[in-house]
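Spelled out from the first residue to the last, the chains are:
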Amino acid sequence: MAGFTRGFTGGARRGGDQRLPPGQYDTGSGWPVLSAELTPHVDLDTWTMTIDGLVEKETTWDWPGIQTLPSSSYVGDIHCVTTWSKFDTTFAGISVDSLLEVARPTSEATHVLAVSTTGYTTNLPIEDITDGKAWIVWEFDGKPLTAEHGGPVRMLVPHLYFWKSTKWITRITLMDHDEQGFWERNGYHDRGDPWLEQRYQGDA
Ligand SMILES: Nc1nc2c(c(=O)[nH]1)N[C@H]1C(S)=C(S)[C@@H](COP(=O)(O)O)O[C@H]1N2
Ligand SMILES: [Mo]
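No experiment lies behind these values; they were computed from the predicted model shown. (Residues numbered from 1 in each chain as written. Chains lettered and ligands numbered in written order. Predicted model: local features only at pLDDT ≥ 70, side-chain atom pairs only at ≥ 80, totals over all residues. Heavy atoms only, no water.)

Q: I tried to follow the site of ligand 1 on my own but got confused; where do I start?
A: Close to ligand 1 lie 21 residues; Pro32, Ala36, His149, Arg154 and Lys167 are nearest. The separation between an oxygen atom of ligand 1 and a polar main-chain atom of Ala36 is 2.6 Å. Residue Lys167 places a side-chain N or O atom 2.6 Å away from an oxygen atom belonging to ligand 1. When the free accessible area of ligand 1 is taken as 530 Å², the share hidden by the protein chains comes to 98%. Here ligand 1 is seated within the largest pocket. Partitioned by chemical class, the residues of the shell around ligand 1 number 12 nonpolar, six polar and three charged. (Near = heavy atom within 4 Å. Polar contact = N/O pair within 3.5 Å; in protein donor to acceptor, adjacent residues only side chain to side chain. Areas by Shrake-Rupley, 256 points an atom, 1.4 Å probe, with all protein chains shown as cover. 1 Å grid on protein atoms, 1.4 Å probe; cavity = no way out; pocket = protein on both sides within 12 Å on 5 of 7 lines; lining within 4 Å. Sits in = over half its atoms within 2 Å of the grid points. Nonpolar A, V, L, I, M, F, W, Y, C, P; charged D, E, K, R; others polar.)

Encoded structure:
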């Protein structure tokens, strides 16, 4: 059709899909479950969350203790590397910043390993979990987070691919180097920015 170029059409479509990172589709109201391990039973009576490694004050919170921290929520999108994205999610819990404020990372700390009760791990640069970019959450859409989705308590790092959001979180260890976690050792990217399409080792 006269007046339209391929470039214009492509540009218009990109404009319409602005919320979708490259290569992703909108999964709609569904929420797929992706677990490498069997869903564990985590009892809140014995649950703990620890910040350790390169910190001034290694600290462990129990369930009543962590709820004394200021509540914080995330409203927005999540993106899984298997190409689904989910729009307008609402998670509630606390900001990782409130934990680090207490534990105080030393100046040597550059990266963290987020550790699940199951042994699942993922690595993150410290900048990706500070300044309001990461949460420890226990509610989804105003209801307790279900076990299959990481309940009672999971991590949430929504600006990175969702494998960085450790389910059944129990520990964040501060380190002076990057150390690959479960999926990173299995070929996935060390950082995982969906907008840069950092899916696999070797991607930009
Ligand atoms: N402990 C643990 N956390 C995990 C995973 C896992 O297998 N085990 N999978 C990751 C991946 S690949 C994704 S996409 C999300 C899936 O979360 P969901 O099952 O709530 O959708 O959790 C991430 N966190
Ligand atoms: Mo994923």
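Q: Looking at this structure, how should I read the layout of surface pockets?
A: The probe, sized like a water molecule, is rolled over the atoms to show the empty space still left. Taken as a whole, the largest pocket holds about 370 Å³ of empty space. Forming the boundary of the largest pocket are 22 residues, of which Leu34, Tyr120, Phe162, Trp163 and Trp183 lie nearest the centre. Of the residues belonging to the lining of the largest pocket, the class tally is 14 nonpolar, five polar and three charged. (Points joined across faces, edges and corners; volume = space filled by probe spheres on them.)

Q: Teacher, can you tell me more about the side chain of Thr130 here?
A: Among the structural elements, Thr130 can be located in the loop between strand S7 (121–125) and strand S8 (135–140). At 3.0 Å, the side chain of Thr130 forms a polar contact with the backbone oxygen of Ile126. Those residues in contact with Thr130, other than ones at most four positions away along the chain, are Asp97 and Leu100. (Helix = DSSP H or I, 4+ residues; strand = E, 2+ residues; numbered from the N terminus. Contact = heavy atoms within 4.5 Å.)

Q: Got a minute to help me understand the environment of Phe91 in this structure?
A: Within the fold, Phe91 resides in strand S5 (residues 84–95). The buried category is assigned to Phe91, whose relative accessible area is 0%. For the pair Phe91 and Trp138, spaced 47 residues apart in sequence, the C-alpha separation works out to 7.4 Å. Ignoring any residue separated from it by four or fewer positions in sequence, one finds Phe91 in contact with Trp31, Ser72, Ser73, Tyr74, Ile78, Val137, Glu139, Phe140, Leu145 and Leu156. (Buried < 20%, exposed > 50% of the residue type's maximum accessible area, 1.4 Å probe, protein only.)

Q: Honestly, the pattern of salt bridges in this entry has me stumped. Any pointers?
A: Pairing is possible between side chains that carry opposite charge, provided their charged atoms lie close to one another. Under the definition given, this model contains seven salt bridges. The closest approach of N and O atoms between Arg19 and Asp77, which form a salt bridge, is 2.6 Å. Residue Arg19 is located in the loop between helix H1 (6–16) and strand S1 (25–26), and its partner Asp77 is located in strand S4 (residues 71–79); the two are separated by 58 residues in the primary sequence. For Arg19, a relative accessible area of 37% gives the class partly exposed. You can call Asp77 buried: its relative accessible area is 13%. A salt bridge links Arg191 to Asp128; the shortest N-O distance between them is 2.7 Å. Here Asp128 lies in the loop between S7 and S8 and Arg191 lies in the segment after helix H4 (182–185), a separation of 63 residues in the sequence. Residue class for Asp128 comes out buried when judged on its relative accessible area of 4%. Put simply, Arg19, Asp77 and Asp88 are held in one network by salt bridges that share partners. (Salt bridge = Lys/Arg side-chain N within 4 Å of Asp/Glu carboxyl O.)

Q: Any chance you could explain the sheet that holds strand S6 (residues 111–116) here in plain terms?
A: The strands that make up a sheet pair up through hydrogen bonds in the backbone, lying either parallel or antiparallel. With mixed pairing, the five strands of this open sheet are ordered in space as S3-S2-S11-S6-S7. Only two strands of the sheet have a single partner each, and these edge strands are strand S3 (59–62) and S7. Sheet twist, expressed as the mean angle between neighbouring strand axes with direction ignored, is 15°. In terms of strand pairing, S6 meets strand S11 (residues 169–175) through six bridges, oriented antiparallel. Bridge pairing in S11 places Val115 opposite Arg171. (Pairing = 2+ DSSP bridges. Axes fitted to C-alpha atoms, helices over the stretch in contact; angles between N-to-C directions.)

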